[in-house]
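Residue-level structural notes
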Amino acid sequence: MTGTGLARVPYLLVRHELRLWRSLWLWAARRTHGAAATGAVFGYTRGQGAMMSGLVFVCVVESVMMSVLLRDSPTAHLAVLVLDVYTLVIVVGLHAASVVRPHVLDTGAGTLRLRRALHADLRIPLERIASVRRELRTAHEPADGVLDLAVQSQTSVTVELARPVVHVSPFGRRHEIRTVRCHADDPGALVRAVEQAREGYAVP
């Protein structure tokens, strides 16, 4: 990372933190980020709730145990308690971000927006989609031009592009993407919706 890139890191971390808190607010308000009046949303968090609940339980148990161990050290107890609460907020916030930031197919704008919580947000013009299919994968090897948006280590939809799109990572790195693999609670519905939507945008 260049010197300019390093200088942007604090800004990017603060932006990530603000988005995390906004996700919690949207989740509490039962609202969706980026949904369009001319579009449809497709979630990808089914089954994730149990895992997140387990993580929250572990965080709470760990906090209680540390409180007992540090009961005679008020300063250390307070510091650890703050860290434990912050960790809990992050865990819940990341789940909230996944819920309120689903995939969005916006037929009015002619785009397919594929996301994974706060980590990825890729807009694909429908005319650049060469094919879309259901494809369950549980192993993903890093490859040039491929973006894997796995949820619980699996993807269920593969989108092949006729022309690449640029993906910008959370820390500002740019990559040209030709294949996107993502997960959806109902992969069949997502594939059918994209196929129908892209009829007017398909590459000859």
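What you are looking at is a predicted structure, and each value in this text was computed from that prediction instead of being measured. (Residues numbered from 1 in each chain as written. Predicted model: local features only at pLDDT ≥ 70, side-chain atom pairs only at ≥ 80, totals over all residues. Heavy atoms only, no water.)

1. Section: the nonpolar core
If you look at soluble globular proteins, the nonpolar side chains tend to sit buried side by side. What counts, and what does not: The set of buried Ala, Val, Leu, Ile, Met, Phe, Trp, Tyr and Cys residues whose side-chain atoms join them within 4.5 Å is what this entry labels a nonpolar core. Any residue under 20% of the maximum accessible area for its type is buried, any over 50% is exposed, and the rest in between are partly exposed; the area is computed with a 1.4 Å probe on protein chains only. Every helix listed is a DSSP run of H or I at least four residues long, and every strand listed is a run of E at least two residues long, numbered separately from the N terminus. Should any heavy atoms of two residues lie within 4.5 Å, those residues are counted as being in contact.
Leu112, Val159 and Val180 are the most contacted members of the largest nonpolar core, which totals 26 residues. Among the secondary structure elements, those contributing two or more residues to this core are β3 (111-116), β4 (120-125), β5 (129-137), β6 (146-149), β7 (155-168), β8 (174-182) and α4 (187-197). If you tally residues by element for this core, the top one is α4, at six residues. Contact partners of Val180, with chain neighbours within four places excluded, come to Leu114, Leu122, Ile124, Leu147, Leu149, Val157, Thr158 and Val159.

2. Topic: the side chain of Thr155
Selection criterion: In protein, a polar contact means a hydrogen-donor-capable atom and an acceptor-capable atom, both N or O and within 3.5 Å, with residues adjacent in sequence counting only if both atoms are side-chain atoms; elsewhere, any N or O pair within 3.5 Å suffices.
Note that Thr155 resides in strand β7. Within polar-contact distance, the side chain of Thr155 engages the side chain of His140 at 2.8 Å. Not counting chain neighbours up to four residues away, the residues in contact with Thr155 comprise Glu135, Leu136, Arg137, His140, Leu149, Ala150, Arg181, Cys182 and His183.

3. Quick word on the environment of Gln48
For Gln48, the location among the structural elements is in helix α2 (residues 48-69). With a relative accessible area of 7%, Gln48 lands in the buried category. It is 21 Å that separates the C-alpha atoms of Gln48 and Val191, two residues lying 143 residues apart in sequence. What Gln48 contacts, discounting residues up to four positions off in sequence, is His95, Ser98, Val151 and Gln152. Polar side-chain contacts of Gln48 include one of 3.0 Å to the side chain of His95.

4. Some remarks on the sheet that holds β5
Adjacent strands of a sheet pair through backbone hydrogen bonds, lying either parallel or antiparallel. The following threshold applies: In this analysis, strands are considered paired if DSSP registers two or more bridges between them. Note on definitions: angles span 0 to 180 degrees between N-to-C directions of axes, and those axes are lines fitted to C-alpha atoms, for helices only across the stretch in contact.
Spatially, four strands are ordered β5-β7-β8-β6 in an open sheet, and the strand pairing comes out mixed. Looking along the sheet, the strands with just one partner apiece sit at the ends: β5 and β6. Neighbouring strand axes in the sheet, compared pairwise and without regard to direction, differ in orientation by 35° on average. Looking at chain direction, β7 and β8 are connected through eight bridges and run antiparallel. The partner of Val166 across the bridge, within β8, is Glu176. The sheet contacts of α4 involve β5, β7 and β8, and relative to β5 the element is tilted by about 175°.

5. Re the sheet that holds β4
Reading across from one edge, β1-β2-β3-β4 is the order of the four strands in this open sheet, with antiparallel pairing throughout. Both edges of this open sheet fall to β1 (39-42) and β4, since each of them pairs with a single strand only. On average, each strand axis in the sheet is inclined to that of its neighbour by 15°, with strand direction left out of account. Bridging between β3 and β4 involves six bridges; their strand directions are antiparallel. If you follow Leu112 over to β4, its bridge partner there is Ile124. Together, β1, β2 (103-106) and β3 form the strand contacts of α4, whose direction differs from that of β2 by roughly 25°.

6. Regarding the pattern of salt bridges
To keep it simple, the criterion reads: Any Lys or Arg side-chain nitrogen found within 4 Å of a carboxyl oxygen on Asp or Glu counts as a salt bridge.
Using the criterion set out here, one finds five salt bridges in the structure. Where Glu160 meets Arg133, a salt bridge forms, and the shortest distance between an N and an O atom there is 3.4 Å. Of the two residues, Glu160 is situated in strand β7 and Arg133 in strand β5; the sequence distance between them amounts to 27 residues. As a salt-bridge pair, Glu135 and Arg137 come within 3.5 Å of each other at their nearest N and O atoms.

All quantities given are derived from atomic positions and should not be read as evidence of function.
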